[in-house]
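Coordinate analysis (summary)
What follows is the residue order along each chain.
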There are 2 protein chains.
Amino acid sequence: MYLRCLRKLQTEGVERISSNAMAQRFHLSSSQIRKDLAAFGEFGIRGVGYEVDALANHLRELMGLDRTHGVVVVGVGNLGTALSRFPGLQRDTFRVVGLFDTDPAKVGSEVAGHVVRPTEELADVVAETGARLGILAVPAPAAQASYDLLADAGVTAVLNFAPAQIKERAGTSVRSIDIRVVLEELAHRSIALDVPPTI
Amino acid sequence: MYLRCLRKLQTEGVERISSNAMAQRFHLSSSQIRKDLAAFGEFGIRGVGYEVDALANHLRELMGLDRTHGVVVVGVGNLGTALSRFPGLQRDTFRVVGLFDTDPAKVGSEVAGHVVRPTEELADVVAETGARLGILAVPAPAAQASYDLLADAGVTAVLNFAPAQIKERAGTSVRSIDIRVVLEELAHRSIALDVPPTI
């Protein structure tokens, strides 16, 4: 969260910011900010504030974002294709190293500069590339089996877009983005704007 | 959140549940559950618990999920196409009513049963259909202008997938899903699993 705030400040050209100003900007408590950031090291200078670039770089290092993370994508339908072509997944921090599908019509085709491989080759690619991140863009019924495949291969964190409940295994965490749930929250908000609350 | 918990119970065939059992299942406080759910009406029966179906239906109504919400999608690239074909957006609760793009090569083509229209027709379609939800699946540089178009047309809630900061206007809330930020959190988690913390 701090990194996101600092990035916003960077895009605005802010070089230094006090904990009070940061608190106001991002609706946080200034004492909490000072406490949290002190845990990372000596970044605040009394009366001057924080150096935005230095602090952002330090947080990036702490989060391991100064390394390259190999990503494998399972499911090369529209969503998997969209994600594979995503500019943020072709860069130094995140780099797609393999695309996989079970559909023989897709295997062998080229997407985002990668040849789509059969899921049988997933474990080998993960072993060769050291990829630790996986993206699941498969239909709901295939989600668990695909997750298990990633977990077996040694992937430690999975981003799941299938609207399915994944049974998580030790060592391979899952973060699911369920578009339906997000839309439900949005729908509720749009109604709240339309109709004055009665409760 | 309660609706999500109740749905999970429904898929497991649970018909009744006590606040204590619900608290244990979902890592909540039972007194908070009783307080929250009491605000919606008289659903809990002392010594019996909550009727899962009745409570879920009531929450669905409260959230406006018993109505049909028209959704317009701006940007019909891979991501927009994937979202438009998403089964959850062809149903009674959420229904795609229009796809829009600025690319003349895409306008006029058919995607997910809809003819892609030029963005100039967005306001008319929103007026005709009463759609209040919009999905932004455009490249980052086009995000703000597309959001403004949706806001001008009367859309009240926007789900944004472009990795861009949207300047929100009164009456049209935005929820952004930034894949990069999600991946950064995942990367950090995968490192935390790999390397023992040193702090």
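Model, not experiment: these values are computed from the prediction. (Residues numbered from 1 in each chain as written. Chains lettered and ligands numbered in written order. Predicted model: local features only at pLDDT ≥ 70, side-chain atom pairs only at ≥ 80, totals over all residues. Heavy atoms only, no water.)

Helices and strands together make up the secondary structure of chain A, namely 8 helices and 11 strands. Here the C-alpha atoms of chain A give a radius of gyration of 21 Å, more than 25% beyond the 16 Å that 2.2 N^0.38 yields for 199 residues. Reported as C-alpha extents along the three principal axes, the dimensions of chain A are approximately 65 × 50 × 30 Å. Counting only contacts in chain A whose residues sit at least 6 apart along the sequence, the fraction spanning at least 24 positions is 50%. (Helix = DSSP H or I, 4+ residues; strand = E, 2+ residues; numbered from the N terminus. Rg over C-alpha atoms; globule rule 2.2 N^0.38 Å. Contact = heavy atoms within 4.5 Å.)

What follows covers the sheet that holds strand β10 (residues 157–160) of chain A. All names here are of chain A. Reading across from one edge, β8-β5-β4-β9-β10-β11 is the order of the 6 strands in this open sheet, with parallel pairing throughout. At either end of the open sheet lies a strand with only one pairing partner, and these are β8 (117–118) and β11 (173–176). Two strands pair when backbone bridges link them, and strand β4 (residues 69–74) and strand β5 (residues 94–101) are joined in this way by 6 bridges, in the parallel orientation. What sits directly across from V74, in β5, is F100. (Pairing = 2+ DSSP bridges.)

Following the criterion strictly, the structure yields 20 salt bridges over all chains and no others. The partner of E51 of chain A in a salt bridge is R16 of chain A, and the shortest N-O contact between them spans 3.1 Å. Here E51 of chain A, found in strand β3 (residues 49–51), pairs with R16 of chain A, found in strand β1 (residues 16–17); they are 35 residues apart in sequence, far enough to count as distant. Looking at R16 of chain A, the relative accessible area reads 47%, which means it is partly exposed. Of the charged contacts in the structure, one is a salt bridge between R175 of chain A and E185 of chain B, with a shortest N-O distance of 3.3 Å. On the criterion of chain membership, the pair formed by R175 of chain A in strand β11 and E185 of chain B in helix α8 (residues 179–194) is interchain, its members lying in two chains. Under the relative-accessibility criterion, R175 of chain A is labelled partly exposed at 27%. The exposure class assigned to E185 of chain B is partly exposed, which follows from its relative accessible area of 32%. Taken together, the salt bridges that share partners define one network made up of R4 and R175 of chain A together with E185 of chain B. (Salt bridge = Lys/Arg side-chain N within 4 Å of Asp/Glu carboxyl O. Buried < 20%, exposed > 50% of the residue type's maximum accessible area, 1.4 Å probe, protein only.)

Moving on to the sheet that holds strand β9 (residues 133–136) of chain B. All names here are of chain B. Pairing within the open sheet is parallel, and its 6 strands lie in the order β8-β5-β4-β9-β10-β11. The two strands at the open ends of the sheet, each matched to only one other strand, are β8 (117–118) and β11 (173–176). Where β9 meets strand β10 (residues 157–160), 4 bridges bridge the pair, whose relative direction is parallel. Looking at β10, one finds that G134 is bridged to V158.

All names here are of chain B. Between helix α6 (residues 122–129) and helix α7 (residues 143–153), whose axes approach to 9 Å, the crossing angle comes to 40 degrees. Judged by the inter-axis angle, α6 sits oblique to α7. Where α6 crosses over α7, the handedness of that crossing is right-handed. Where α6 abuts α7, its residues L122, A123 and V126 lie against L149, L150 and A153. Each residue belonging to the contact of α6 with α7 can be placed in one class, and the counts come to 6 nonpolar, no polar and no charged. (Axes fitted to C-alpha atoms, helices over the stretch in contact; angles between N-to-C directions. Parallel < 35°, antiparallel > 145°, perpendicular 65-115°, else oblique. Left-handed = near helix turned anticlockwise from the far one by under 90°. Nonpolar A, V, L, I, M, F, W, Y, C, P; charged D, E, K, R; others polar.)

Next up on the list: the confidence of the model for chain A. Residue and element names in this part refer to chain A. Scored by pLDDT, chain A has a mean of 87; 95% of the residues are at 70 or more. Low pLDDT (under 50) marks residues 195–199, which in the prediction has 2 contacts with non-local residues, meaning those over four places away or in another chain. Scoring of the predicted complex yields 0.74 for pTM and 0.74 for ipTM. (pLDDT = per-residue confidence, 0-100.)

Let us look at the relation of the copies chain A and chain B. With an RMSD of 0.1 Å, chain A superimposes on chain B once it is rotated by 179 degrees and translated 0.1 Å along the axis. The two molecules are tied by a two-fold rotation axis, judged by turn and shift. Comparing contact sets, 100% of the residues at the interface of chain A also lie at the interface in chain B, consistent with an isologous, same-surface contact. (Least-squares fit on C-alpha atoms with pLDDT ≥ 70 in both.)

Right, let's get into the environment of L136 of chain A. Residue and element names in this part refer to chain A. Structurally, L136 is set in strand β9 (residues 133–136). For the pair L136 and L159, spaced 23 residues apart in the sequence, the C-alpha separation amounts to 6.1 Å. When residues no more than four places from it in sequence are discounted, the contact partners of L136 are V74, A143, S146, Y147, L150, V158, L159, N160, F161, A162 and I166.

Let's shift gears to helix α6 (residues 122–129) of chain A. Residue and element names in this part refer to chain A. Where α6 is concerned, the buried positions are L122, V125 and V126. In an axial view of α6, the angular spread of the buried residues amounts to 100 degrees, which keeps them on one side of the axis. In α6, the exposed positions angled more than 90 degrees off the buried face are occupied by A127 and E128. Those residues of α6 that are buried lie in contact with β4, β5, β8 and α7 (143–153). (Arc of directions from axis to C-beta.)

Attention shifts here to the pairing of β10 of chain A. Residue and element names in this part refer to chain A. Burial along β10 is two-sided: the residues A157 and L159 and V158 and N160 are all buried. Crossover handedness for the path β9 to α7 to β10: right-handed. Bridge analysis of β10 against β11 gives 4 bridges, and the strand direction is parallel. Counted as the bridge partner of V158 is V174 from β11. (Right-handed = clockwise from strand over helix to strand, strands pointing away.)

A word on the environment of E15 of chain B. All names here are of chain B. Tracing the chain through its elements places E15 in the loop between α1 (2–11) and β1 (16–17). When its relative accessible area of 61% is taken as the criterion, E15 is described as exposed. Residues E15 and L186 lie 171 residues apart in sequence; the distance between their C-alpha atoms is 35 Å. Dropping the residues within four chain positions of it, E15 is found in contact with Y50, E51 and V52.

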